[in-house]
Amino acid sequence: MSTQKHRFETLALHAGQDPDPATTARGVPVHRTSSYAFRNAEHAANLFGLKELGNIYTRIMNPTQDVLEKRMAALEGGAAALALASGTSAVYYSIINICRAGDEVVSANNLYGGTYTMFDSILPQFGITVRFVDHDKPVGFEAAINERTRAVYIETIGNPVLGVSDIGAIAAVARKHHLPLIVDSTFATPYLCNPIAHGANIVVHSLTKWLGGHGTGIGGVVVDAGNFDWTDEKFALYNEPDAGYHGIRYAHDLGELSPLAFVLRMRLVPLRNLGACIAPDNAWMFLQGIETLPLRMQRHCDNGLAVARFLASHEQVSWVRYPGLPGDPSYGTAGKYLRNGFGGMVVFGVKGGYDSAVRLIDTIGLFSHVANVGDAKSLILHPSSTSHSQLSPEQQKSSGLTPELVRLSVGLENIDDLKEALDVALKKAHA
Ligand SMILES: *Cc1c(COP(=O)(O)O)cnc(C)c1O
């Protein structure tokens, strides 16, 4: 079935799947298999030699995963995608599929905590340097680029205060220096933003969050726009023969598949040899979530905005950050890059500081105290006593994480129940 011209809600249900020809099953079958029977020796040789594309082993590909990848590529307007074991492995593979020791990345500093640690502490152990710059100053990105830079990295809606970058301006800087722009768009999902339409080359998601939508599993995906020219010699991994795969030069030897050099290399090198593959059951579960993404995400946005407005007028709240509130520092860029709404994350400060924030967390009903976001259920976290407690007060302050900051992932409950729960807990926290 051609789904090329269909719109978002239709693609979320249909893209990438034709009913299984063998069984006519309407649902996407879960292919619980590690391996696939080759038709004959020649077929096997062709598959291994990349003369023919097909299933070899589930660490490298799986038919359930394949539907998920095609659906995500369609929803993001990309050329192809690769699903992985986690959002974390999707971020990691996106970097090491471009950079090797001695190379550099210029990244926004308002990152998901795990990504920040990877960039700040882990990548340097492999000789890859990440230069952090302010997410809201495109000129800062340009100033940090040098002859060793190989990629530019941002998040659509960042941490901790939900800053929205000027994707188009940063993409223009990357393009001018012939560098790929990688965008982690987890907090936006493709329902709110398609970074490729604004100049991104690679889009990363944690499927664990709103795409899966029910807090039931871990997964990630990388979408390749297929629009970056890797033949520039500075991308050594694409221009030198790969001893790990038949001496192939990914920028030169893929023929008509050459626009997919990035995503093919990611499958053939990091995925095949480092192994962060997604389980077929999880791939199925994320497809199940994506079918209702537009409906759920709309409710997350509606509830998120309503909660943000409610908190902004609450006596026990000192400040609120939500990109959809007029006056928010990101209101302008959010209006430019987000459609349908502003997402389900709301961040605010409780009057009374650290102690009041902790009391709020301990007394609130309905909001679950967990280290996750993007569940159908509402979630709450106090970063300075949990996820960021290892940082010194000075480090917390410099990353915008003040002691009174509370993070909400607003779920799909009735909005009046959410407001009531917040109101009761805020009053108790203050008492
Ligand atoms: C959760 C998250 C990740 C990491 O994804 P996992 O699936 O938990 O490994 C990366 N980036 C963002 C923005 C996230 O929210």
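Definitions and limits used
Residues numbered from 1 in each chain as written. Predicted model: local features only at pLDDT ≥ 70, side-chain atom pairs only at ≥ 80, totals over all residues. Heavy atoms only, no water. Near = heavy atom within 4 Å. Polar contact = N/O pair within 3.5 Å; in protein donor to acceptor, adjacent residues only side chain to side chain. Areas by Shrake-Rupley, 256 points an atom, 1.4 Å probe, with all protein chains shown as cover. Helix = DSSP H or I, 4+ residues; strand = E, 2+ residues; numbered from the N terminus. Buried < 20%, exposed > 50% of the residue type's maximum accessible area, 1.4 Å probe, protein only. Contact = heavy atoms within 4.5 Å. Domains from an automatic or database assignment. Buried area = accessible area lost by both parts, 1.4 Å probe. Salt bridge = Lys/Arg side-chain N within 4 Å of Asp/Glu carboxyl O. Nonpolar A, V, L, I, M, F, W, Y, C, P; charged D, E, K, R; others polar.

A word on the site of the ligand
Working step 1: The immediate surroundings of the ligand are formed by Ser86, Gly87, Thr88, Tyr112, Asp184, Thr186, Phe187, Ser206, Thr208, Lys209, Ile218 and Gly219.
Working step 2: Interatomic distance of 2.9 Å between a backbone N/O atom of Gly87 and an oxygen atom of the ligand.
Working step 3: Asp184 has a polar side-chain atom sitting 2.7 Å from a nitrogen atom of the ligand.
Working step 4: Look at the ligand: alone it shows 380 Å² of surface, and the protein chains cover 94% of it.

Points about the environment of Met266
Working step 1: When you line up the elements, Met266 lands in helix H10 (residues 261-274).
Working step 2: Judged by relative accessible area, Met266 falls into the buried class, the value being 0%.
Working step 3: In this structure, the C-alpha to C-alpha distance between Met266 and Ile96, residues 170 residues apart in sequence, is 8.9 Å.
Working step 4: In this view, Met266 contacts Leu82, Leu84, Tyr93, Ser94, Asn97, Val222 and Leu271; residues no more than four positions away in its chain are not counted.

Quick look at the domain arrangement of the chain
Working step 1: When cut into domains, the chain gives domain 1 (8-289) and domain 2 (293-430).
Working step 2: The C-alpha centroid of domain 2 is placed 29 Å from the C-alpha centroid of domain 1.
Working step 3: Contact residues are listed per partner, giving 34 residues for domain 1 and 36 residues for domain 2.
Working step 4: Here domain 1 packs against domain 2, burying approximately 2900 Å² in sum over the two surfaces, 63% of which is carbon and sulfur.
Working step 5: The largest per-residue losses of area from domain 1 upon contact with domain 2 belong to Tyr191, Leu192 and Trp210, which jointly make up 28% of the total buried on that side.
Working step 6: Here domain 1 and domain 2 share one salt bridge between them.
Working step 7: One can count 15 residue pairs in polar contact (both at pLDDT 80 or more) joining domain 1 with domain 2.
Working step 8: Taken together, the elements giving at least two residues each to the side of domain 1 that touches domain 2 come down to helix H1 (8-14), helix H7 (167-176) and helix H8 (189-192).
Working step 9: Here the side of domain 1 that touches domain 2 gets four residues from one element, more than from any other, and that element is H8.
Working step 10: Split into classes, the residues belonging to the side of domain 1 that touches domain 2 amount to 17 nonpolar, 14 polar and three charged.

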